[in-house]
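So you can see what is in the structure, the chains are spelled out below.
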Amino acid sequence: MANGDSEQMKCIAATISSFNWKRVVVIYEDDAFGGDSGKLALLSEALSDVGSEIEYRLVLPPFSSVSNPNEVVQDELIKLFNVQSRVYIVLQSSLPMIIHLFEKAKEIGLIGRDSAWITTNTISNYFDSFNSSVISSMQGILGIKTYYDEGTNLYKTFYPQFRRTFRDENPEEDNFQPSVNALRAYDSIRIIKQAMDSDENSPDSLLKNILSSNFTGLSGEIHFQQRKLSHDPILRIVNVIGKSYNELDFWLPGTGFSKNNGYVGYISADFTGTVIWPDGSKLVPKGWAMPTNKKPMIIGVPARTAFEKFVKVEDGKHPGQKNYDGFCIELFYKVVNVLEYVLIYQFDPHNGTYDELVHKVYNKPYAATGLSMIVPVKPESSAWMFLKPFTTKMWLVTGSILIYTMFIVWFLEHQSNPDFRGPWNNQIGTVFWFTFSSIFFAHREKIYSNLTKVVVVVWLFVALILTSSYTASLTSMLTVQRLEPTVTDIEWLKRSNVKIGCDGDSFVRTYLEDVLKFKSYNIENVSSEYKYEGEFKSNHIAAAFLELPYGRVFLNHYCKKFTTTAPTYTFGGLGFIFQKGSPVARDFSRAILKLSEDGTLMSLEQKWFAPSPECSANVTEESKTDSLSIHSFWGLFIISVATYTVCLLLFLAYSLKRYWNHEEENNAGILPLVDESVWNKAMRLAKYIYNGKVCVRGEASAAPRVPVYKWSSPTWDYDRSSSHISMENYEVKSQAESEIGIQLQAHN
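Everything numeric here is computed off the predicted structure, so don't read it as measured data.

Draft legend 1. Seen up close, the packing of helix α3 (residues 69-78) against helix α4 (residues 95-108). Relative to each other, α3 and α4 sit at 55°, their axes nearing to 9 Å. The pairing of α3 with α4 is recorded here as oblique in orientation. Considering only the axes of α3 and α4, their crossing is right-handed. On α4, the residues that touch Pro-69, Asn-70, Val-73, Gln-74, Leu-77 and Ile-78 of α3 are Met-97, His-100, Leu-101, Lys-104, Ala-105, Glu-107 and Ile-108.

Below, the structure is given as structure tokens:
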């Protein structure tokens, strides 16, 4: 009839998580049955799942083995004052030990403000049996009880009989409420009675009949699987108030908290009931030993820091007095002022390393940190500075557009413009000079074709945009001071075997050795921010590795001499350090978030980390002028190329039309003696497009039909003088006449 404890431990862990308690103390009696009876392992696992842990275990000796229970229990409970957690979970104990435990805990002050007590069902199920004196010492505790339904007809019949019998046998008791153990005992007897009513009375048949039971009893549904109850019971969280207790949330196995005992309705992962705690208030206890005037919270402050703007500790006017200042100290004061309670603390300067001061960090950071490399800088200078206004791809595309423009201008002007004719080297030189000099409007060649004029207009527009952009970018690069780091690669530092600097009191040195693999003899400890500049000037170190906040302060002061480079290695952040599980850590995180949202944190950063006057006007990395890329001009290039191509296609279309018209007019009615090949036709077409002239066939007088050639030139969109006859045309005609003469003589 016993149930497993897994669901109960999950219920306790979920309750702990609902109140954000991170550490608990477990108490149980080491009796003959194994003390915690396996509950401790289940509880530890359930707490781990919600991010909490057991800080301390208090094991009480068996009650039967002690002669003076009051003295023994008191001595054991006093040990808990050295434990920070004030959340106590009582797993297992005999009833006599429970009575002494809570009476002494109440007496010495463990049950009170900032403390919370939770009992398992092995104890809570007896709440109905405790007298008023015991209940008075348990005020405000939470108990986990096995739930049973008091509204069934079976219970209504059973209850008055039990109450009457119990009163007759125990007239001195004033509590007659049956516990779930009494109900399970009643159901167990019923199971055995039903099993014995069978005709078979052997042990095997009796066990078989018991395990085949299936009915609803006083304690709930009775059905067995694998020799145990087939289901976990519903649990009830109760709060001891007055002479009895208040019933709060239900815990539904496998589901969570609920306001009712059914699986239909409001289900929550967090505890939602209203608890009256041991101090009589509804304010959730911190669950932690909070500081008092007699025992204030000791705040360890690093007395030796490389950057005093964060923390600075100085001797006061009186012996032993210390003055504390800096960004971290002032932020601490701001946080304490916005807490919802008075935090009693005392600063304690610490001269050791951070590793000695801090063991575990639990709260969130208030300043992001990482590792940055600081190196000296030198002014950027280059003999090829004039190339930097454009990217390499931009220069290539600009050159391609220039060449394409040269080709189009030459192609459109070659036929008609004498400036673009002659030997090939002269033609290339002329078109290059014309296209390039047109950028500065220094060209002298005339343009005949209207299509060429369109191309030149577009080219001049492209050239105007490019030259203006180039001039502006180069001017910015030459006038704005640009600095470049002397070292940019961590691997180069390691290969060169040079020395580097860091703050020897922090973890940075260990990180450089173990993670970045720098040799220990190449790492120099620099004790103050003011010594880094001297170390660099003397070439004692080639680079310094600082945490990000420190690097920011350093560069705000030496922005024109040093810069940060290389990837940043991030690892957490700066923060206030508390013991793991301390509720003050959570409160500080919330307070810092509030200060960040209302602008207080930013104001403190501006106050303590404002750049020096010379750095406030310095140009940052983001303001440097970058080279112009093709992405800024691709639309302009597309328009120019498209315009050039359209002009070229129009010229070719018009030339082909003129060529075919001449062919049809001059070859009408003439039968060629010899058919021309495709190659010859293509060559004639190419010569026409190149020279702007076409060779057509005629006939000679008084002679048989022989090929007679004469040349015709189109006049398109320009005026051409009859004097523009080249020697090349003349030589072709003379050769044709000679061939005709030879053919006539052969015929005669």
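Draft legend 2. Quick look at the packing of helix α12 (residues 392-413) against helix α13 (residues 424-437). Viewed as axis vectors pointing N to C, α12 and α13 meet at an angle of 120°, and their least axial separation amounts to 9 Å. Considering the angle they form, α12 stands oblique to α13. Judged by the sense of rotation from one axis to the other, the crossing of α12 with α13 is right-handed. Every residue of α13 that contacts α12 at Leu-402, Thr-405, Met-406, Val-409 and Trp-410 is listed here: Trp-424, Gln-427, Val-431, Phe-432, Phe-434 and Thr-435.

Draft legend 3. Summary view of the sheet that holds strand β10 (residues 244-252). Overall, mixed pairing links the nine strands, which are arranged β2-β1-β3-β4-β5-β9-β10-β11-β12 in an open sheet. Looking at the sheet topology across the chains shown, the edges are occupied by β2 (53-60) and β12 (267-268). As judged from the seven bridges shared by strand β1 (residues 23-29) and β2, these two strands associate in the parallel manner. Counterpart to Val-26 in the pairing with β2 is Arg-57.

Draft legend 4. Representation of a nonpolar patch on the surface in the model. A contiguous nonpolar surface patch, about 410 Å² in accessible area, is contributed by Trp-384, Phe-386, Leu-387 and Trp-395. Secondary-structure assignment places Trp-384 in the loop between β17 (367-379) and α12. With a relative accessible area of 55%, Trp-384 lands in the exposed category.

Draft legend 5. Local environment of the sheet that holds strand β8 (residues 228-229). One open sheet accounts for three strands, arranged β6-β7-β8; its pairing is antiparallel. The open sheet is flanked by β6 (214-216) and β8, the only strands paired with a single partner. Sheet topology note: the strand β7 (residues 221-225)/β8 ladder contains two bridges and is antiparallel. If you follow Phe-224 over to β8, its bridge partner there is Leu-229.

Draft legend 6. View of α3. Along α3, the residues that are buried comprise Pro-69, Val-73, Glu-76 and Leu-77. End-on, the buried residues of α3 take up no more than an arc of 100°, which puts them together on one face. Taken together, the buried residues of α3 touch β2 and α4.

Draft legend 7. Expanded view of the packing of aromatic side chains. This structure, assessed with the given rule, holds 39 aromatic pairs. For the ring pair Phe-332 and Phe-588, a centre distance of 5.6 Å and an interplane angle of 40° mean the geometry is tilted. With Phe-332 in helix α10 (residues 327-338) and Phe-588 in helix α19 (residues 583-597), the pair connects residues that are 256 residues apart, well separated along the chain. Judged by relative accessible area, Phe-332 falls into the buried class, the value being 4%. Positioned over the ring face of Phe-250 is Arg-236, at 3.7 Å from the centre of the ring. The lysine or arginine in question, Lys-494, covers the ring of Phe-518, its NZ or CZ lying 5.9 Å from the ring centre.

Draft legend 8. Quick look at the pattern of salt bridges. Within this structure, the stated rule accounts for 17 salt bridges. Across the salt bridge formed by Arg-23 and Glu-53, the nearest N and O atoms sit 3.5 Å from each other. Of this pair, Arg-23 sits in strand β1 while Glu-53 is found in strand β2, placing the two residues 30 residues apart along the sequence. A relative accessible area of 16% places Arg-23 in the buried class. Two residues, Lys-79 and Glu-76, come together in a salt bridge whose shortest N-O distance is 3.2 Å. Residue classification places Glu-76 among the buried residues on the basis of a relative accessible area of 16%. Shared partners join several salt bridges into a network, and the residues in it are Arg-23, Glu-53 and Glu-55.

Draft legend 9. Just the environment of Ser-438, in detail. Topologically, Ser-438 is positioned in the loop between α13 and α14 (450-479). By relative accessible area, which is 1% here, Ser-438 ends up buried. Separated by 19 residues in the primary sequence, Ser-438 and Val-457 place their C-alpha atoms 10.0 Å from one another.

Draft legend 10. Up close: the environment of Ile-123. Along the polypeptide, Ile-123 turns up in helix α5 (residues 121-124). Given the relative accessible area of 0%, Ile-123 is considered buried. Apart from residues lying up to four places away in sequence, Ile-123 is in contact with Val-90, Ser-93, Ile-98 and Phe-130.

Draft legend 11. How the structure looks around unusual backbone geometry. In this structure, Arg-227 takes a positive phi of about 65° despite not being glycine. Residue placement: Arg-227 occurs in the loop between β7 and β8. A relative accessible area of 65% places Arg-227 in the exposed class. In the Ramachandran plot, Lys-517 falls in the positive-phi region, its phi being about 65° despite a non-glycine side chain. Inspection of the secondary structure puts Lys-517 in the loop between α16 (508-514) and β20 (523-525).

Draft legend 12. Up close: the UniProt feature "transmembrane region" (unreviewed entry) in the chain. Here the UniProt-annotated "transmembrane region" (unreviewed entry) positions come out as residues 394-412, 454-472 and 633-654. With 100% helix and 0% strand, residues 454-472 has end C-alpha atoms that lie 28 Å from one another. The annotated region residues 633-654 carries 95% helix and 0% strand content, and the separation between its end C-alpha atoms amounts to 32 Å.

Draft legend 13. Seen up close, the pairing of strand β14 (residues 312-315). Bridging between β14 and strand β15 (residues 322-325) involves four bridges; their strand directions are antiparallel. Counted as the bridge partner of Glu-314 is Asn-323 from β15. Here β14 hands over to β15 after six residues, with Gly-320 in that stretch at a positive phi of 85°.

Draft legend 14. Structural context of the pairing of β7. The two faces of β7 differ: Ile-222 and Phe-224 on one face are buried, but Glu-221, His-223 and Gln-225 on the other face are not. The sheet contact formed by β6 and β7 spans three bridges and is antiparallel. Within β7, the residue paired with Thr-216 across the bridge is Glu-221. The hairpin formed by β6 and β7 contains four residues between the paired strands, and Gly-220 there has a positive phi angle of roughly 130°. Hairpin connection of β7 to β8: two residues between the antiparallel strands, including Gln-226 at a positive phi of 55°.

Here is what the cut-offs are and how they apply
- Residues numbered from 1 in each chain as written.
- Predicted model: local features only at pLDDT ≥ 70, side-chain atom pairs only at ≥ 80, totals over all residues.
- Heavy atoms only, no water.
- Axes fitted to C-alpha atoms, helices over the stretch in contact; angles between N-to-C directions.
- Helix = DSSP H or I, 4+ residues; strand = E, 2+ residues; numbered from the N terminus.
- Parallel < 35°, antiparallel > 145°, perpendicular 65-115°, else oblique.
- Left-handed = near helix turned anticlockwise from the far one by under 90°.
- Contact = heavy atoms within 4.5 Å.
- Pairing = 2+ DSSP bridges.
- Patch = residues over 30% accessible without salt bridge, like charges linked within 9 Å, V, L, I, M, F, W, Y side chains within 5 Å.
- Areas by Shrake-Rupley, 256 points an atom, 1.4 Å probe, with all protein chains shown as cover.
- Salt bridge = Lys/Arg side-chain N within 4 Å of Asp/Glu carboxyl O.
- Buried < 20%, exposed > 50% of the residue type's maximum accessible area, 1.4 Å probe, protein only.
- Arc of directions from axis to C-beta.
- Phe/Tyr/Trp six-rings, centres within 6.5 Å; stacked < 30°, edge-to-face > 60°.
- Lys NZ or Arg CZ within 6 Å of the ring centre and 35° of its normal.
- UniProt positions renumbered as here; feature names shortened; annotations may be inferred.

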